[in-house]
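Below, each chain spelled out in residue letters.
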Amino acid sequence: MNKIKSLDDLRKMKQNLENGMNIREKSNSPESLVQIRVAMATCGIASGARAVMNTLIERIEKDKIPAVVTQGGCMGYCYAEPTVEVKVPGKDPVVFGYVDSKVAVDIIEKYVLQGELLEGIIPVNYQTINDKK
Amino acid sequence: MHMLVCGGTGCRASESEKITENLNAELKKLGLENEAQVVVTGCFGFCEKGPIVKIVPDNTFYTQVKPEDCAEIVSEHILKGRKVSRLLYEDPETQKHVEDSKHMGFYQKQIRIALRNCGFIDPENIDEYIARDGYAALGNILTEMSPQQAIDIMKKSGLRGRGGGGFPTGLKWEIASSNKADQKYVVCNADEGDPGAFMDRSILEGDPHSVIEAMAICGYCIGANKGIVYIRAEYPLAIKRLKIAARQARAYGLLGEDVLGTGFSFDIELRYGAGAFVCGEETALIKSMEGLRGEPTVKPPFPAEKGYLGKPTNVNNVETYANVPAIFLKGPEWFASIGTEKSKGTKVFALAGKINNVGLIEVPMGITLREVIFEIGGGIKDGKKFKAVQTGGPSGGCLTEKHLDTPIDFDNLIAAGSMMGSGGMIVMDEDDCMVSVAKFYLEFTVEESCGKCAPCRIGNKRLHEILEKICNGKGTEADIEYLKNLSKVIKDTALCGLGQTSPNPVLSTIEHFLDEYKAHVTERICPAGQCKALKLYTIIPEKCTGCTACTRACPVGAISGEKRQPHIIDVDKCIRCGACYDKCKFTAIHVQ
């Protein structure tokens, strides 16, 4: 370990280290972040969901985008796997189907950052038990 | 994805180390070691349901995890994104599984300042502390502030000592700072002795760097270059983590000579206490550090004037220090905006006793007992009725139902006849006998009295004897008066905080539960059914079938009777053990 010689050094060091803690910091306030959920059931994994998830995570970390990637179970859209659900704060969740690494990057760059819709959106036609009042 | 495994003493006792090992092995087996990282953290506070494994970012909170559950967690949750529902926390009211910690009643009302890093960072890795702005407060102060400016910020924050007394911390620092001497000391009081309190241990185990950083800040403010942590030897994990933390801080040059190139030097060392309760009192603590018997001395002189080795010494408690870096990072106004008018910030409480969620919580000052016990604590165990809560340990008093809506802060607790103390909260239900509770605390004080002054040494012993007499069914009404008078004398004349507060449990139980005392001395019954000597076991002849099960269970041969005929208990021989009561299948044993 090298000695930290000044306050500036300490600040620089903090900046380099904070990436490692990002995922935990984000978990403190998930509701204020874009929540991206990758369906990771057997069919999802078989069609490449893991690679998609890792691409999403890398892209988010690279530009420190205020989003958090989590896994979900089977959403039932087996025909369209891998599927990714994106929930922007204050908006209804949108589900994207047939996502590969390229689409994953588009989701981040176009939908999350610019708010543009993409092709391949699966209309949400279900209600979850939590929605029922 | 990060898998946070609790590495506090409680969870380690239920094999959390093995859990860490298994999780790592399972991740490796499935080739997921790059995707998920296992981190050992400090205490999450939810000790009731430990060991805890928390998965972030989705905040899934697994409780009572066993080493053999690890394979399922990894193959289901990490690989396939399916939560293992049987390990999720079940809400006792709705009996539904709670998906994540954000929706658990236990966490919803908490504000974590002193515990901000506990259960969040790896306490053995200084980098994680630095990533959360660790040592930034120290760096800023050393580079940009004069000691007086920093003290002013402390005063503005309104922080008061969390060890029990509630003395304003900034003022304490100012006094130590104004006393001139060639050598001064910063002392951290980690001699946590209240029965049922474990917040200091958890902070040192979960976030040792925040205490070290705060001690260095204090050193700069008062002009000391030496810090000493007085910690009890029975906290081996806290000692280990503190030592690791100090070593790492030294390696980074955050302790030692010329910290961050500012010319300021500061280092800490550890002193082990043998676990005497009185050594939590600052003058006794200093005596013990000097290698003398842990006996308090008369104040003044206060330690800030003449402390360790006769030099000005500032003594603060662990939790007090843990608040300090956060105050400087977020500003004194932020800190002062939390809490009540005279008690700012938060307080950590250790919930114990007959409560559903035993554990460690941090709540804003001014919260009500009702919120703490029924919302965060999940109510009383087994649906019993709430009777009282003891705050402040053996120095405090009990609060009852009528105090449930009183906002908790230093002054309100004192007005209610109790005190904040270090933050232990022992909850009692309808089955607890308040005379026995008072007796229990006196037993502790008698044991822990250092014996230096007569009121405490002799007076407490007498109090205990009278309580014992009452519990044995031999007390009289005059004894209650005598207890009150003697308590007042001890409070007025004892030398240190221990003796001055030790009669509190007696006085407050007499005040709030006089009926119960009276029942013991006049009717000779214990309403809660706790005092053995006051129990009377008889057999109801109509219900007794003469099965002889009780005869065989009785260890002293006090039960006699013919087979298939009602039996009889010989009251003189009976030792009131209750064995017959437990054994009888026909509820024929009556207890009075």
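So, how was this worked out
Residues numbered from 1 in each chain as written. Chains lettered and ligands numbered in written order. Predicted model: local features only at pLDDT ≥ 70, side-chain atom pairs only at ≥ 80, totals over all residues. Domains from an automatic or database assignment. Pairing = 2+ DSSP bridges. Helix = DSSP H or I, 4+ residues; strand = E, 2+ residues; numbered from the N terminus. Axes fitted to C-alpha atoms, helices over the stretch in contact; angles between N-to-C directions. Contact = placed C-beta atoms within 7 Å. Buried ≥ 20, exposed ≤ 12 C-beta atoms within 10 Å, placed from the backbone. Core = buried A, V, L, I, M, F, W, Y, C linked by C-beta atoms within 7 Å.

A. Summary view of the domain arrangement of chain B. Segmentation of chain B into domains returns domain 1 (2-108), domain 2 (126-335), domain 3 (346-429), domain 4 (434-523) and domain 5 (535-591). Taking only C-alpha atoms into account, the centre of domain 1 of chain B sits 46 Å from that of domain 4 of chain B.

B. Quick look at the sheet that holds strand 12 (residues 359-364) of chain B. Residue and element names in this part refer to chain B. With respect to topology, five strands assemble into an open sheet ordered 12-11-15-13-14, the strand pairing being mixed. At either end of the open sheet lies a strand with only one pairing partner, and these are strand 12 and strand 14 (397-400). If you compare each strand with its neighbour and ignore which way they point, the axes differ by 30° on average. For strand 13 (residues 386-391) and strand 14, the ladder comprises four bridges, and the chain directions are antiparallel. From the neighbouring strand, T391 faces strand 14, where its bridge partner is G397.

C. Local environment of the sheet that holds strand 3 (residues 84-87) of chain A. All names here are of chain A. In space, the five strands of this open sheet follow the order 2-1-3-4-5, with mixed pairing throughout. Each having just a single partner strand, strand 2 (67-72) and strand 5 (121-122) make up the two edges of the open sheet. With three bridges joining them, strand 3 and strand 4 (residues 94-96) adopt antiparallel strand pairing. Paired with E85 across the bridge in strand 4 is V95. Along the sheet, helix 4 (residues 101-114) contacts strand 1 (34-39), strand 2, strand 3 and strand 4; its crossing angle with strand 3, the most-contacted strand, is approximately 15°.

D. The arrangement of the environment of A190(B) in detail. Residue and element names in this part refer to chain B. Position of A190 among the secondary structure elements: in strand 7 (residues 185-190). Taking the number of C-beta atoms within 10 Å as the measure of exposure, A190 has 29 and is therefore buried. Considering only alpha carbons, one finds A190 and A114, 76 residues apart in sequence, at a separation of 15 Å. Those residues in contact with A190, other than ones at most four positions away along the chain, are D200, L204, V229, Y230, I231 and V318.

E. Layout of the nonpolar core. If you look at the biggest cluster of nonpolar residues, it comprises 178 residues, and the most contacted ones within it are V211(B), M215(B), I217(B) and V389(B). For this core, the element with the most residues is helix 10 (residues 208-222) of chain B, which contributes 10 residues. In this structure, V52(A), M53(A), I107(A) and V112(A) belong to the second largest nonpolar core, which totals 26 residues.

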